[in-house]
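# Working through the structure, step by step
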Amino acid sequence: MTQEAKKEITDIASYMQEVGARARVASRQLAASSTGLKDAALLAIAEDLDANRDILMRENRKDLEAGRAKGLDDALLDRLELTSDRINVMIEGLQQIASLPDPIGEIFDMNYMPSGIQVGRMRVPLGVVGIIYESRPNVTADAAALCLKSGNATVLRGGSEAFWSNQAIATSIRIGLEKAGLPGDAVQVVETTDRAAVGAMITMPESIDVIIPRGGKGLIERISADSRVPVIKHLHGVCHVYIDDQADHSKAHAIAVNAKTQRYGTCNTMETLLVAENIAAEMLPGLAADYGDKGVELRGCEKIAALIDCNSAAEEDWDEEYLAPILSIRIVDDMDAAMEHIANHGSGHTEAIVTENFTRARRFLTEVDSSSVMVNASTRFADGFEYGLGAEIGISTDKFHARGPVGLEGLTSVKYIVLGDGHIRT
């Protein structure tokens, strides 16, 4: 599409059907492509982004100007902006994904059966992945790269506020794909800001195999409720750290401070701190001082208020994902009470216990039902890169198909394969 005007699309349903049909054809070609071709495409995309960074920033300025005119706040404008350094990060991400092992075609669990046949499993692409996201244009390159490496075609629908930026990135992606000899339709960025395109995407199971929403809770709730296509999602991250009465105090202090203050606006940031009653009087004053130095507002239960200066926590605070320098703190009787609180108020994202008691640590790992459960470590480690996945397309709090950080393997499925030598069943 031209970079001068938005494409006029009057029949959204027909347009999206065409996009889906092209993606389905491309997915079959991509599934049969070699690792070498996929890696060549990723590197060619990176080269084109590098060569055209002035164009990317020019198109991004259109989005920034439109955003200011609409009254977007500074935080949203910051997420939207494409600087030269941020383009470098996109390029580095493409190069890193090219260097990762290709999961497609891996054969594992091969075993001989009593009948003499060999049965095993092979890792295969999901097919066509639809991704719906907001604000950050770098997601366009990141998502395209992960889907490409895992052998999936993808349909990307970015936020209207990043329209021009996303289209410019899409041009580089198509050029890179075609330069490597892969179908340009393997990655398609929807060319309309009409919200009807989202409604079409989530009701096209004949063309799209899975939807991955990345954005606010409202967007994800809507897609989860209305989609006829399977969804990989997490609604929010209400993450907990529980400091046990057998914790090493130095470790506990460092973890509790890091889990909240290392970065505020991420889904793996601690939002509620649970402290065993036996050690609360020793632990909390020092923690409160450090949180105060970093400008964190504390909201506590009645027992907390007797020990440190804090605001009173309302019942809804225990369910809140602040994504801000605000922390809820609760004193609990013991680990069982902490796990009960997590079961009632957690979002299934990430929980951590700080303890030197091995038995309690094992119980916490076994009984807490979240996508990541940690012992003596900050919740901020719940990340695809930190887990050795190289990159992630998001974090899933679902229990089916993928759970936790979703990297290349999370974008695949498996099929059973059988090897015989003229075997017949009697």
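Residues numbered from 1 in each chain as written. Predicted model: local features only at pLDDT ≥ 70, side-chain atom pairs only at ≥ 80, totals over all residues. Heavy atoms only, no water.

## Digging into the UniProt feature "domain: Aldehyde dehydrogenase" (unreviewed entry) in the chain
As annotated in UniProt, the feature "domain: Aldehyde dehydrogenase" (unreviewed entry) corresponds to residues 21–290 and 318–382 in the numbering used here. Between the end C-alpha atoms of residues 21–290 the distance is 56 Å, and the span holds 52% helix and 17% strand. Secondary structure over residues 318–382 splits into 32% helix and 25% strand, and the C-alpha atoms at its two ends are 21 Å apart. (UniProt positions renumbered as here; feature names shortened; annotations may be inferred. Helix = DSSP H or I, 4+ residues; strand = E, 2+ residues; numbered from the N terminus.)

## Focus: the domain arrangement of the chain
When the parts of a complex come together, some accessible area is lost, and that lost area is often used as the size of the interface. Under the domain assignment, the chain is made up of domain 1 (12–232 + 405–417) and domain 2 (239–386). Placing a centre on the C-alpha atoms of domain 1 and another on those of domain 2 gives a separation of 35 Å. (Domains from an automatic or database assignment.)

## With respect to the pattern of salt bridges
Applying the stated rule across the entire model yields 27 salt bridges. The partner of E271 in a salt bridge is K260, and the shortest N-O contact between them spans 2.7 Å. Highlighted residues: E271 in strand β8 (residues 270–276) and K260 in helix α10 (residues 249–261), separated in sequence by 11 residues. Accessibility classification places E271 together with K260 in one group, the buried group. (Salt bridge = Lys/Arg side-chain N within 4 Å of Asp/Glu carboxyl O. Buried < 20%, exposed > 50% of the residue type's maximum accessible area, 1.4 Å probe, protein only.)

## Description of the packing of aromatic side chains
Summed over the entire model, instances satisfying the criterion amount to one aromatic pair. Measuring from ring centre to ring centre gives 5.2 Å for F163 and W164, while their planes differ by 85 degrees; the resulting arrangement is edge-to-face. Here K62 stacks its cationic end above the ring of W164, 4.4 Å away from the centre of that ring. Directly above the aromatic system of W318 lies the positively charged group of R330, at a separation of 4.6 Å from the ring centroid. (Phe/Tyr/Trp six-rings, centres within 6.5 Å; stacked < 30°, edge-to-face > 60°. Lys NZ or Arg CZ within 6 Å of the ring centre and 35° of its normal.)

## Quick word on the sheet that holds strand β9 (residues 297–300)
Spatial strand order, β10-β9-β11-β8-β7-β12-β13: seven strands in an open sheet with parallel pairing. Of all strands in the sheet, those with a lone pairing partner are β10 (311–312) and β13 (372–375), marking the two edges. Bridging between β9 and β10 involves two bridges; their strand directions are parallel. For R299, the partnering residue across the bridge sits in β10 and is N311. In the packing of α10 onto the sheet, contacts are made with β7 (239–243), β8, β11 (326–332) and β12 (350–354), and the angle to β8 comes to roughly 160 degrees. (Pairing = 2+ DSSP bridges. Contact = heavy atoms within 4.5 Å. Axes fitted to C-alpha atoms, helices over the stretch in contact; angles between N-to-C directions.)

## As for the packing of helix α2 (residues 35–51) against helix α5 (residues 84–99)
In contact at an axis separation of 8 Å, α2 and α5 are set at 170 degrees when each is read in the N-to-C sense. In terms of orientation, α2 and α5 fall into the roughly antiparallel class. Judged by the twist between their axes, the crossing of α2 over α5 is left-handed. Facing D39, L42, L43, I45, A46, L49 and D50 of α2, the residues of α5 in contact are I87, I91, L94, Q95, I97 and A98. (Parallel < 35°, antiparallel > 145°, perpendicular 65-115°, else oblique. Left-handed = near helix turned anticlockwise from the far one by under 90°.)

## Let's talk about the pairing of strand β6 (residues 210–214)
Of all five residues in β6, four are buried; the element is thus mostly enclosed. Where strand β3 (residues 128–133) meets β6, five bridges bridge the pair, whose relative direction is parallel. Residue pairing for β6: I131 is matched across the bridge by I212.

## Some thoughts on a nonpolar patch on the surface
Residues F381, Y387 and L389 make up a contiguous nonpolar surface patch of roughly 260 Å² in combined accessible area. Note on placement: L389 falls in the loop between β13 and β14 (394–396). (Patch = residues over 30% accessible without salt bridge, like charges linked within 9 Å, V, L, I, M, F, W, Y side chains within 5 Å. Areas by Shrake-Rupley, 256 points an atom, 1.4 Å probe, with all protein chains shown as cover.)

## A short note on helix α13 (residues 335–345)
Count 3.6 residues to each turn of an α-helix, and residues three or four apart come out pointing the same way. Residues M335, A338, M339, H341, I342 and H345 constitute the buried set of α13. Looking straight down α13, one finds its buried side chains confined to an arc of 155 degrees; they lie on one side. Those residues of α13 hidden inside the fold are in contact with β7, β8, β11, β12 and α14 (358–367). (Arc of directions from axis to C-beta.)

## What about the sheet that holds strand β2 (residues 118–125)?
An order of β1-β2-β16 is seen for the three strands of this open sheet, with the pairing classed as antiparallel. The open sheet has two free edges, formed respectively by β1 (107–112) and β16 (412–419), since each of these has just one partner strand. Strand-to-strand twist across the sheet, computed as the mean angle between neighbouring axes with direction ignored, equals 20 degrees. As paired strands, β2 and β16 are joined by eight bridges and run antiparallel to one another. When the bridges of β16 are listed, R123 appears paired with V414.

## A short note on the packing of helix α3 (residues 53–70) against helix α7 (residues 163–179)
Between α3 and α7, whose axes approach to 7 Å, the crossing angle comes to 160 degrees. Put simply, α3 runs roughly antiparallel to α7. Between α3, through L56, E59, N60, K62 and D63, and α7, the contact on the second element is made entirely by F163, W164, S165, A168 and I169. Counted by class, the contact of α3 with α7 contains five nonpolar, two polar and three charged residues. (Nonpolar A, V, L, I, M, F, W, Y, C, P; charged D, E, K, R; others polar.)

## Digging into the nonpolar core
Within the largest apolar cluster, 49 residues are counted, with the highest numbers of intra-cluster contacts made by I131, L148, L156, I169, L177 and I393. If you tally residues by element for this core, the top one is helix α6 (residues 138–149), at eight residues. Residue contacts for I393: discarding those within four places in its chain leaves I131, A143, L146, C147, I212, R214, V406 and L411. (Core = buried A, V, L, I, M, F, W, Y, C linked by side-chain atoms within 4.5 Å.)

## Let's talk about unusual backbone geometry
Backbone geometry at L323 places phi at a positive 50 degrees, although glycine is not the residue there. Examined against the element boundaries, L323 turns out to sit in the loop between β10 and β11. In this structure, N376 takes a positive phi of about 55 degrees despite not being glycine. Position of N376 among the secondary structure elements: in the loop between β13 and β14.

## A few points about the side chain of D63
Tracing the backbone shows D63 in helix α3. With relative accessibility at 3%, the residue D63 sits in the buried group. Looking at D63, its side chain comes within polar contact range of the side chain of S165, at 2.5 Å. (Polar contact = N/O pair within 3.5 Å; in protein donor to acceptor, adjacent residues only side chain to side chain.)

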